[in-house]
Amino acid sequence: MPSPSSTSPSSLWRDADFRRLWVGQTASQLGEHTTLIVLPLLAVLALDAGAGQLGALRAMGQAPVLVFSLLAGAWVDRWRARTVMVLTDAVRAVVLVAVAVAGLFGLLGLPTLFVAAFTVGALSVLFDVAYQASLVRLVRRDQLLEGNSALEGSRSAAQIGGPALGGALVSLLPAPAATASGALFFAMSFASLRRIRRAEAVRERQERTPRVRHQIRDGLRFVAGHPLLRAVCLASAAFQFSFAATITAYLLFLPRELHLTGATIGLVLAATGPGALLGSVLAARLPRRYGHGVVLVSAAVLGNGALLWVPALHGSSAATVAALLVVNFVFGAFGQLVNVTVMSVRQAVTPDGMQGRAAATITFAGMGSAPLGSLLGGLLAQGWGLRTSLLVTAAGMMLSPAVMAASPLVRLGRRLPL
């Protein structure tokens, strides 16, 4: 951990090691989100994959979140976060180079893409848990809001730019070159993160290291036993379940009820990106001014509540499109404000030796409920109709702020408990 005199909240950007972390995380996120688009597009355009094959490929890339999240938390708490991030960058770059070489020699096939998607997805889970733990080990606790605001802002930018860049690369470049672009971003991240000089304050290794399953169990018990983290976990699960159901109905509602074109749908959904950038900026200011609890509950109500307006829209007029742009912008802004504030709370109340497992446990609880939510959204859309199912699932998203309002989170003041 840096000494109090090493950095201050106002001078965080003057800290060379923080800048290296920011550059590395940004490059890694660009590589990840570019690859998420490049591999499926290659399957469709270069290998003529069908809908079922494409769905299976996307599932292979998403499955590691459920399979490896808890393991990733235990591993990150055993090792230095910088080491984990550097190694995952290196292996992801090698995997994508191997795919590019296979394409260059005419050996590219769907099995290769399946393996690559799963491997990159698994390593991305490990990287994401590690970078969340690394910030706590790199800066002081009173700098977490500024640090998370900067890191999550770059993450949002990558979520906007990565898919667009991936689509452009597949359209303009041969398959091997498009695949190698992701490897280039991971190599950039590797180069930046390797230059971090500050030693991490990680727990000393014991003579007999606990088994991984015991570490996972300890992480689950810690989160379940901490009032704030338990509330974060429950709120996250409620949000991810309801959001997955909502987005399933939403993606059907836009083309079939509002008759929007694919290009217009892409434009509408992209509005969440700029909103998320604004939310990252607000997260560095509002909690310290109005209190973390007030900001969390208010932002969740405003962001999630914005989607309740969508079922009231009709037709594909310019006014409808404008309303959807506003809704998605508001949802992105307040949703990101909640994300950054929650992450800062979680980091502040979690001991350094438990950071990885706490992050992984909350991720597992939240994302683990998403597949069930998606299934529910599809069933409701079939049985109740798109407009009704969208209204019901969007109303379900209000469970998340309700959980926070009924928990100790709402009582958090301007200062985080350290």
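The structure displayed is predicted, hence computed values, not measured ones.

Participant: Before we move on, can you summarise the pattern of salt bridges with the specific residues and values?
Facilitator: Evaluation of the coordinates by the stated rule reveals 3 salt bridges. Of the charged contacts in the structure, one is a salt bridge between Arg20 and Asp17, with a shortest N-O distance of 2.9 Å. Of this pair, Arg20 and Asp17 both sit in helix 1 (residues 16-45), separated by 3 residues, roughly a single helical turn. Asp17 shares its class with Arg20; the two are buried.

Participant: Tell me what's going on with the packing of aromatic side chains, and back it up with residues and numbers.
Facilitator: One pass over the structure, following the stated rule, counts 3 aromatic pairs. Between Phe127 and Tyr131, the ring centres sit 6.4 Å apart and the planes meet at 35 degrees, which makes this aromatic pair tilted. Residue Phe127 and its partner Tyr131 are both found in helix 4 (residues 110-138); the two are separated by 4 residues, about one turn of the helix. Per residue, the accessibility class of Phe127 equals that of Tyr131, and both read buried. Linked through ring pairs, Phe239, Phe243 and Phe331 together constitute an aromatic cluster.

Participant: Now, about the nonpolar core: what can you tell me, with residues and values included?
Facilitator: If you look at the biggest cluster of nonpolar residues, it comprises 28 residues, and the most contacted ones within it are Val223, Leu229, Leu296, Val338, Ile362, Met404 and Leu409. Elements with a minimum of two residues in this core: helix 7 (212-225), helix 8 (227-256), helix 12 (292-306), helix 13 (318-349) and helix 14 (355-368). A total of 7 residues in this core trace back to one element, the largest contributor, which is helix 13. Those residues in contact with Leu409, other than ones at most four positions away along the chain, are Leu228, Ala231, Val232, Gly293, Leu296, Val345 and Met404. Listed in part, the 24 residues of the second largest apolar core include Val86, Leu126, Val139 and Ala150.

The rules we used
- Residues numbered from 1 in each chain as written.
- Predicted model: local features only at pLDDT ≥ 70, side-chain atom pairs only at ≥ 80, totals over all residues.
- Heavy atoms only, no water.
- Salt bridge = Lys/Arg side-chain N within 4 Å of Asp/Glu carboxyl O.
- Helix = DSSP H or I, 4+ residues; strand = E, 2+ residues; numbered from the N terminus.
- Buried < 20%, exposed > 50% of the residue type's maximum accessible area, 1.4 Å probe, protein only.
- Phe/Tyr/Trp six-rings, centres within 6.5 Å; stacked < 30°, edge-to-face > 60°.
- Core = buried A, V, L, I, M, F, W, Y, C linked by side-chain atoms within 4.5 Å.
- Contact = heavy atoms within 4.5 Å.

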